[in-house]
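Survey of secondary and tertiary structure
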Amino acid sequence: MDPLSNVFMAMRVKTSECIRLEFSGSWGFRFDGYEHAHFGVVSRGNCWLSTRGKIEPTLLSAGDCWLLPRGDTHSLSACRDSKIRPYDDVRGRKAGGLLRYKDGQGHLTKIIVGNFTFDESSGKWLTDVLPEVITFRMDRGHSAAMPTILQILALESQTENMGSTVVVSRLADILFVQAIRAHAVQAGTTSAGWLQGLADRQLRLALRAMHEDFGKEWTVADLASVAGMSRSAFAARFSEVLRESPIEYLTRWRMHRAMQLLRDGDLKIAKVAGLVGYESDGAFNKSFKRAIGIAPGAYRAALLKAVNLTADHNA
């Protein structure tokens, strides 16, 4: 299984929301930071997308999509010089999953926006390695299914039929995966960081080996051999493209898998340590605490407490 599939298989979308926006005139709104990912697609007209990390705004037209993996603050506007106001000022006008707003004369722009809330341990690993903003066309390659997905998502988001919550959650899963796939295909070797590593044939071999056999006692020389490169050339290219050393990447992936094992099962911590490549639970505890901020036992206890609180609330 390729590294991208490894991450998608582990990813869990807890909640999602989808809203249709119809703006006309000289409108402009700032969408303050969201807890997790935020996406959007222009279905009619055009608008400007501005994010803090990019000096120049991006012009989007019908068929253009964007994804902010970490839900960073951004703005959408009819013109580059439109006055920007908080989106919270008008979000209360939403009716049945649709929000209409008109500010003078001007073309009509239709946008679908939505938010994802991830399970912390499964979503953070992916969102942390993606760029601040991803833009792509929904009518190219693997993203050709996007219009249908978005249409169903928009309809389900404004109904309370049996199972609507589950349907919206599953569609959000698919939408997020399609967005990353579309970006990876369209950006190719020009993408940055982790996606560029996946596009590099030799680095991809090493990444796949680490993802599939994360419990193995890998050395940089071993991984270089898998990639078909010299040790020095592999280490240099890996660090340049992924912005961390091979061992740092391996450790981070191991900690991600350890969080999953602690969350999804009742394995003893010593067993989890062995599965992710540590000979002693002491060494594992130290690495886990350094990466996550708390010890494995405390992490599992916090998860159990959260589950019990949710159960009590729903009872």
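Since we're looking at a predicted model, the values are computed, not measured.

What follows deals with the side chain of asparagine 115. With respect to the helices and strands, the residue asparagine 115 is situated in strand S10 (residues 108-118). Side-chain polar atoms of asparagine 115 contact the side chain of histidine 38, separated by 2.5 Å.

This part is about the packing of aromatic side chains. Per the counting criterion, the structure on display carries 12 aromatic pairs. An angle of 80° between the planes, with centres 5.8 Å apart, marks the rings of phenylalanine 238 and tyrosine 249 as edge-to-face. Note that phenylalanine 238 is positioned in helix H8 (residues 231-242) and tyrosine 249 in helix H9 (residues 246-264), a separation of 11 residues in sequence. Exposure class is identical for phenylalanine 238 and tyrosine 249. Each is buried. Among the aromatic residues, those joined into a cluster by ring pairs are Phe23, Trp27, Phe29, Phe31, Tyr87 and Tyr101.

In this section: the pattern of salt bridges. One pass over the structure, following the stated rule, counts eight salt bridges. The residue arginine 85 makes a salt bridge to aspartate 89 at a minimum N-O spacing of 3.8 Å. Close ionic contact of arginine 91 with aspartate 88 constitutes a salt bridge, the shortest N to O distance being 3.0 Å. Salt bridges linked by common partners bring Glu22, Arg100 and Lys110 together as one network.

Rules behind the numbers
- Residues numbered from 1 in each chain as written.
- Predicted model: local features only at pLDDT ≥ 70, side-chain atom pairs only at ≥ 80, totals over all residues.
- Heavy atoms only, no water.
- Helix = DSSP H or I, 4+ residues; strand = E, 2+ residues; numbered from the N terminus.
- Polar contact = N/O pair within 3.5 Å; in protein donor to acceptor, adjacent residues only side chain to side chain.
- Phe/Tyr/Trp six-rings, centres within 6.5 Å; stacked < 30°, edge-to-face > 60°.
- Buried < 20%, exposed > 50% of the residue type's maximum accessible area, 1.4 Å probe, protein only.
- Salt bridge = Lys/Arg side-chain N within 4 Å of Asp/Glu carboxyl O.

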